[in-house]
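Inside the fold
Listed below, chain by chain, are the residues.
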Amino acid sequence: MELIVGNIAFSTWSLRPWLVLKRCGAEFTLTEIPLYGDGWKDRLAQVSPSGKVPLLKVDGETIWDSLAISVWAAERYPQAKLWPADPAARWLSRSVVCEMHSGFGALRTECGMGPDAQGVIHTMVGDDRADPPTSEAVAADVRRLVEIMVTMRARFGAGGPYLFGEWSMADAFLTPVACRFRHYQIDLAAHGDDGSAADYVADLLRQPDFLEWTELDGAGAH
Ligand SMILES: N[C@@H](CCC(=O)N[C@@H](CS)C(=O)NCC(=O)O)C(=O)O
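The structure reproduced in this document is the subject of the present report. Here the structure is a predicted model, which is why all the values come from computation and not from measurement.

1. A word on the site of the ligand
What surrounds the ligand is the set Ser11, Trp13, Leu35, Trp40, Lys41, Gly51, Lys52, Val53, Pro54, Asp65, Ser66 and His101. Within the contact set of the ligand, an oxygen atom lies 2.8 Å away from a side-chain nitrogen or oxygen of lysine 52. Within the contact set of the ligand, an oxygen atom lies 2.6 Å away from a side-chain nitrogen or oxygen of serine 66. If the ligand stood free it would expose 510 Å²; the protein chains cover 79% of that surface. Of all the cavities here, the one that holds the ligand is the largest pocket. For the shell around the ligand, the class distribution of residues is 5 nonpolar, 4 polar and 3 charged.

Here's what the structure looks like:
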(Lines give C-alpha, C1' and ligand atoms only; values in the text may rest on other atoms or scores of the structure.)
Protein backbone atom coordinates (compact mmCIF):
# COMPACT_ATOMS: atom_id res chain seq x y z
CA MET A 1 0.00 0.00 0.00
CA GLU A 2 1.36 3.42 -0.94
CA LEU A 3 0.16 6.81 0.27
CA ILE A 4 1.11 9.60 -2.11
CA VAL A 5 1.10 13.03 -0.54
CA GLY A 6 2.02 16.62 -1.31
CA ASN A 7 4.55 18.58 0.71
CA ILE A 8 4.62 17.26 4.24
CA ALA A 9 5.26 20.79 5.47
CA PHE A 10 2.05 22.25 4.15
CA SER A 11 -0.29 19.82 2.35
CA THR A 12 -3.19 19.89 4.77
CA TRP A 13 -5.24 17.48 2.65
CA SER A 14 -2.39 14.97 2.79
CA LEU A 15 -2.05 15.05 6.57
CA ARG A 16 -5.58 13.69 7.08
CA PRO A 17 -5.20 10.22 5.51
CA TRP A 18 -1.76 9.92 7.04
CA LEU A 19 -3.28 10.33 10.52
CA VAL A 20 -6.10 7.93 9.63
CA LEU A 21 -3.79 5.21 8.28
CA LYS A 22 -1.47 5.53 11.26
CA ARG A 23 -4.45 5.15 13.57
CA CYS A 24 -5.41 1.98 11.71
CA GLY A 25 -1.93 0.52 12.15
CA ALA A 26 -1.78 0.14 8.36
CA GLU A 27 1.50 -0.87 6.71
CA PHE A 28 2.19 1.60 3.93
CA THR A 29 4.96 3.44 2.15
CA LEU A 30 4.88 7.20 1.82
CA THR A 31 5.73 9.07 -1.38
CA GLU A 32 5.98 12.85 -1.29
CA ILE A 33 5.39 14.75 -4.53
CA PRO A 34 6.51 18.31 -3.80
CA LEU A 35 4.02 20.81 -5.20
CA TYR A 36 5.23 24.01 -6.80
CA GLY A 37 8.69 22.71 -7.80
CA ASP A 38 9.79 22.33 -11.43
CA GLY A 39 7.54 19.98 -13.38
CA TRP A 40 5.30 19.13 -10.43
CA LYS A 41 2.05 19.29 -12.41
CA ASP A 42 3.36 16.75 -14.94
CA ARG A 43 4.61 14.41 -12.22
CA LEU A 44 1.28 14.63 -10.44
CA ALA A 45 -0.71 14.11 -13.63
CA GLN A 46 1.18 10.86 -14.22
CA VAL A 47 -0.04 9.32 -10.98
CA SER A 48 -3.23 11.14 -10.06
CA PRO A 49 -6.55 10.80 -11.87
CA SER A 50 -7.71 14.11 -10.35
CA GLY A 51 -4.36 15.88 -10.69
CA LYS A 52 -4.34 16.26 -6.91
CA VAL A 53 -2.95 14.60 -3.81
CA PRO A 54 -3.45 12.65 -1.59
CA LEU A 55 -3.83 9.27 -3.27
CA LEU A 56 -3.80 5.74 -1.91
CA LYS A 57 -2.59 2.90 -4.11
CA VAL A 58 -4.02 -0.35 -2.80
CA ASP A 59 -5.30 -3.64 -4.19
CA GLY A 60 -4.50 -2.55 -7.75
CA GLU A 61 -6.58 0.62 -7.46
CA THR A 62 -5.78 4.27 -6.94
CA ILE A 63 -8.16 5.90 -4.46
CA TRP A 64 -8.11 9.70 -4.62
CA ASP A 65 -9.36 12.33 -2.20
CA SER A 66 -8.65 12.46 1.55
CA LEU A 67 -12.25 11.68 2.50
CA ALA A 68 -12.53 8.72 0.13
CA ILE A 69 -9.27 7.29 1.50
CA SER A 70 -10.47 7.77 5.08
CA VAL A 71 -13.82 6.10 4.39
CA TRP A 72 -11.96 3.22 2.71
CA ALA A 73 -9.83 2.90 5.86
CA ALA A 74 -12.90 2.85 8.13
CA GLU A 75 -14.23 -0.04 6.05
CA ARG A 76 -10.92 -1.94 5.88
CA TYR A 77 -9.93 -1.42 9.54
CA PRO A 78 -13.15 -1.58 11.60
CA GLN A 79 -11.12 -2.35 14.71
CA ALA A 80 -9.58 1.14 14.50
CA LYS A 81 -13.01 2.63 15.32
CA LEU A 82 -12.59 5.64 13.07
CA TRP A 83 -16.23 6.50 13.69
CA PRO A 84 -17.51 6.78 17.31
CA ALA A 85 -19.53 3.85 18.69
CA ASP A 86 -22.32 6.00 20.13
CA PRO A 87 -24.93 6.49 17.36
CA ALA A 88 -25.49 10.23 17.87
CA ALA A 89 -21.75 10.86 18.10
CA ARG A 90 -21.27 8.80 14.95
CA TRP A 91 -23.88 10.73 12.98
CA LEU A 92 -22.55 14.09 14.10
CA SER A 93 -18.92 13.12 13.58
CA ARG A 94 -19.82 12.48 9.94
CA SER A 95 -21.43 15.90 9.76
CA VAL A 96 -18.25 17.47 11.15
CA VAL A 97 -16.05 15.58 8.69
CA CYS A 98 -18.27 16.54 5.75
CA GLU A 99 -18.57 20.18 6.81
CA MET A 100 -14.81 20.34 7.17
CA HIS A 101 -14.25 18.67 3.82
CA SER A 102 -16.54 20.99 1.89
CA GLY A 103 -16.47 24.25 3.82
CA PHE A 104 -14.39 26.94 5.49
CA GLY A 105 -13.25 28.49 2.22
CA ALA A 106 -12.29 31.82 3.78
CA LEU A 107 -10.06 30.18 6.38
CA ARG A 108 -8.42 28.00 3.74
CA THR A 109 -7.82 30.89 1.34
CA GLU A 110 -6.89 33.67 3.71
CA CYS A 111 -4.96 31.47 6.15
CA GLY A 112 -3.37 29.33 3.48
CA MET A 113 -0.63 26.76 3.90
CA GLY A 114 2.18 26.76 1.34
CA PRO A 115 3.49 29.74 -0.62
CA ASP A 116 1.44 32.96 -0.47
CA ALA A 117 1.24 35.72 -3.08
CA GLN A 118 4.43 37.27 -1.70
CA GLY A 119 6.28 33.95 -1.89
CA VAL A 120 6.33 33.42 1.88
CA ILE A 121 5.85 29.72 2.67
CA HIS A 122 3.44 29.00 5.50
CA THR A 123 3.92 25.60 7.10
CA MET A 124 2.14 23.32 9.54
CA VAL A 125 5.35 21.98 10.99
CA GLY A 126 7.71 24.80 11.94
CA ASP A 127 7.91 27.51 14.58
CA ASP A 128 7.31 30.31 12.10
CA ARG A 129 4.14 32.33 12.72
CA ALA A 130 2.08 34.75 10.62
CA ASP A 131 -0.09 37.73 11.51
CA PRO A 132 -3.68 36.88 12.48
CA PRO A 133 -6.31 37.34 9.76
CA THR A 134 -8.58 40.38 9.93
CA SER A 135 -11.48 39.60 7.60
CA GLU A 136 -15.03 39.02 8.81
CA ALA A 137 -15.30 35.96 6.54
CA VAL A 138 -12.44 34.22 8.35
CA ALA A 139 -13.84 35.30 11.71
CA ALA A 140 -17.16 33.65 10.79
CA ASP A 141 -15.34 30.42 9.86
CA VAL A 142 -13.39 30.46 13.12
CA ARG A 143 -16.55 31.11 15.16
CA ARG A 144 -18.24 28.13 13.50
CA LEU A 145 -15.23 25.88 14.14
CA VAL A 146 -15.07 26.98 17.76
CA GLU A 147 -18.80 26.27 18.09
CA ILE A 148 -18.27 22.77 16.72
CA MET A 149 -15.35 22.13 19.06
CA VAL A 150 -17.03 23.50 22.19
CA THR A 151 -20.38 21.78 21.64
CA MET A 152 -19.01 18.37 20.60
CA ARG A 153 -16.47 18.32 23.42
CA ALA A 154 -19.22 19.23 25.92
CA ARG A 155 -21.63 16.62 24.60
CA PHE A 156 -19.38 13.72 23.75
CA GLY A 157 -15.88 14.44 25.06
CA ALA A 158 -16.02 12.73 28.45
CA GLY A 159 -14.10 9.62 27.35
CA GLY A 160 -10.89 11.35 26.23
CA PRO A 161 -9.28 14.55 24.92
CA TYR A 162 -10.54 14.29 21.34
CA LEU A 163 -13.66 15.75 19.72
CA PHE A 164 -15.81 12.73 20.53
CA GLY A 165 -13.72 11.56 23.49
CA GLU A 166 -11.73 8.78 21.87
CA TRP A 167 -9.86 9.62 18.66
CA SER A 168 -12.01 9.52 15.52
CA MET A 169 -11.87 10.58 11.88
CA ALA A 170 -13.11 14.03 12.87
CA ASP A 171 -9.80 14.61 14.67
CA ALA A 172 -7.86 13.84 11.50
CA PHE A 173 -9.95 16.37 9.61
CA LEU A 174 -9.56 19.03 12.28
CA THR A 175 -5.81 18.66 12.82
CA PRO A 176 -4.99 20.89 9.80
CA VAL A 177 -7.35 23.49 11.32
CA ALA A 178 -5.38 23.31 14.56
CA CYS A 179 -2.23 23.95 12.51
CA ARG A 180 -3.79 27.03 10.90
CA PHE A 181 -4.99 28.36 14.26
CA ARG A 182 -1.46 27.98 15.63
CA HIS A 183 0.39 29.35 12.60
CA TYR A 184 -1.93 32.36 12.19
CA GLN A 185 -2.07 32.96 15.97
CA ILE A 186 -5.86 32.99 16.06
CA ASP A 187 -7.32 33.91 19.45
CA LEU A 188 -10.10 31.38 19.99
CA ALA A 189 -11.44 33.15 23.09
CA ALA A 190 -12.28 36.12 20.85
CA HIS A 191 -14.39 33.75 18.73
CA GLY A 192 -16.59 32.24 21.44
CA ASP A 193 -14.27 29.72 23.06
CA ASP A 194 -14.81 28.88 26.73
CA GLY A 195 -11.35 27.31 26.81
CA SER A 196 -12.36 23.84 25.68
CA ALA A 197 -11.64 24.52 22.00
CA ALA A 198 -8.15 25.80 22.83
CA ASP A 199 -7.49 22.73 25.01
CA TYR A 200 -8.69 20.46 22.21
CA VAL A 201 -6.52 22.23 19.63
CA ALA A 202 -3.50 21.83 21.93
CA ASP A 203 -4.25 18.10 22.22
CA LEU A 204 -4.44 17.75 18.44
CA LEU A 205 -1.07 19.45 18.10
CA ARG A 206 0.55 17.02 20.51
CA GLN A 207 -0.88 13.79 19.04
CA PRO A 208 2.08 11.42 18.61
CA ASP A 209 1.13 10.66 15.00
CA PHE A 210 1.00 14.36 14.16
CA LEU A 211 4.39 14.91 15.78
CA GLU A 212 5.75 12.03 13.71
CA TRP A 213 4.40 13.73 10.57
CA THR A 214 6.19 16.97 11.47
CA GLU A 215 9.41 15.03 11.90
CA LEU A 216 9.05 13.48 8.44
CA ASP A 217 9.36 16.90 6.85
CA GLY A 218 12.79 17.05 5.27
CA ALA A 219 13.49 13.45 6.27
CA GLY A 220 13.16 12.35 2.66
CA ALA A 221 9.91 10.48 2.03
CA HIS A 222 10.71 9.31 -1.48
N1 LIG B 1 -10.70 17.46 -1.82
C2 LIG B 1 -9.38 16.98 -2.12
C3 LIG B 1 -8.46 18.17 -2.27
C4 LIG B 1 -7.07 17.79 -2.65
C5 LIG B 1 -6.20 19.00 -2.96
O6 LIG B 1 -6.67 20.11 -3.28
N7 LIG B 1 -4.89 18.76 -2.86
C8 LIG B 1 -3.93 19.79 -3.18
C9 LIG B 1 -2.69 19.66 -2.31
S10 LIG B 1 -2.93 20.10 -0.65
C11 LIG B 1 -3.42 19.56 -4.58
O12 LIG B 1 -3.22 18.43 -4.98
N13 LIG B 1 -3.20 20.62 -5.32
C14 LIG B 1 -2.67 20.51 -6.65
C15 LIG B 1 -3.47 21.29 -7.64
O16 LIG B 1 -4.52 21.81 -7.27
O17 LIG B 1 -3.02 21.37 -8.78
C18 LIG B 1 -8.93 15.98 -1.04
O19 LIG B 1 -9.44 16.04 0.07
O20 LIG B 1 -8.10 15.10 -1.30
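2. Section: empty space enclosed by the protein
As enumerated under the stated definition, the model contains 1 cavity of 30 Å³ or more in all. Taken together, Thr12, Trp13, Arg16, Met100, Phe104, Leu107, Arg108, Pro176, Val177 and Arg180 form the lining of the largest cavity. Going through the elements one at a time, helix H1 (12-24), helix H5 (105-110) and helix H7 (169-183) are the ones with two or more residues in the lining of the largest cavity. Per-class residue counts for the lining of the largest cavity are 6 nonpolar, 1 polar and 3 charged. Looking at which domains feed residues into the lining of the largest cavity, each of domain 1 (2-78) and domain 2 (87-210) supplies at least three.

3. Comments concerning the pattern of salt bridges
Within the structure shown, the criterion is met by 6 salt bridges. Here lysine 22 makes a salt bridge to glutamate 212, at a shortest N to O gap of 3.1 Å. One end of the pair, lysine 22, is in helix H1; the other, glutamate 212, is in helix H9 (residues 208-216), and 190 residues separate them in sequence. With relative accessibility at 26%, the residue lysine 22 sits in the partly exposed group. One salt bridge in this structure joins aspartate 203 and arginine 206, with 3.0 Å as the shortest N-O distance. You can call aspartate 203 buried: its relative accessible area is 19%. If you follow the salt bridges from partner to partner, you end up with Glu99, Arg144 and Glu147 in one network.

4. Some remarks on the sheet that holds strand S1 (residues 2-5)
With mixed pairing, 4 strands are arranged side by side in an open sheet as S2-S1-S3-S4. A single partner strand is all that each edge strand has here, and the edge strands are strand S2 (29-32) and strand S4 (61-64). Between one strand and the next, the sheet's axes are offset by a mean angle of 20 degrees, whatever the strand orientation. Of the strand pairs in this sheet, strand S3 (residues 55-58) and S4 are connected by 4 bridges, and their pairing is antiparallel. When the bridges of S4 are listed, leucine 56 appears paired with isoleucine 63.

5. Details of the pairing of S1
Two elements, S1 and S2, share 4 bridges in a ladder whose sense is parallel. Counted as the bridge partner of valine 5 is glutamate 32 from S2. In this view, the connection linking S1 to its parallel neighbour S2 by way of H1 has right-handed handedness. Sheet analysis places S1 next to S3, joined by 3 bridges and oriented antiparallel. Bridging from a neighbouring strand, isoleucine 4 pairs with leucine 55 of S3.

Cut-offs applied
Residues numbered from 1 in each chain as written. Predicted model: local features only at pLDDT ≥ 70, side-chain atom pairs only at ≥ 80, totals over all residues. Heavy atoms only, no water. Near = heavy atom within 4 Å. Polar contact = N/O pair within 3.5 Å; in protein donor to acceptor, adjacent residues only side chain to side chain. Areas by Shrake-Rupley, 256 points an atom, 1.4 Å probe, with all protein chains shown as cover. 1 Å grid on protein atoms, 1.4 Å probe; cavity = no way out; pocket = protein on both sides within 12 Å on 5 of 7 lines; lining within 4 Å. Sits in = over half its atoms within 2 Å of the grid points. Nonpolar A, V, L, I, M, F, W, Y, C, P; charged D, E, K, R; others polar. Points joined across faces, edges and corners; volume = space filled by probe spheres on them. Helix = DSSP H or I, 4+ residues; strand = E, 2+ residues; numbered from the N terminus. Domains from an automatic or database assignment. Salt bridge = Lys/Arg side-chain N within 4 Å of Asp/Glu carboxyl O. Buried < 20%, exposed > 50% of the residue type's maximum accessible area, 1.4 Å probe, protein only. Pairing = 2+ DSSP bridges. Axes fitted to C-alpha atoms, helices over the stretch in contact; angles between N-to-C directions. Right-handed = clockwise from strand over helix to strand, strands pointing away.

Without other data, these values stay purely geometric and don't point to any function.
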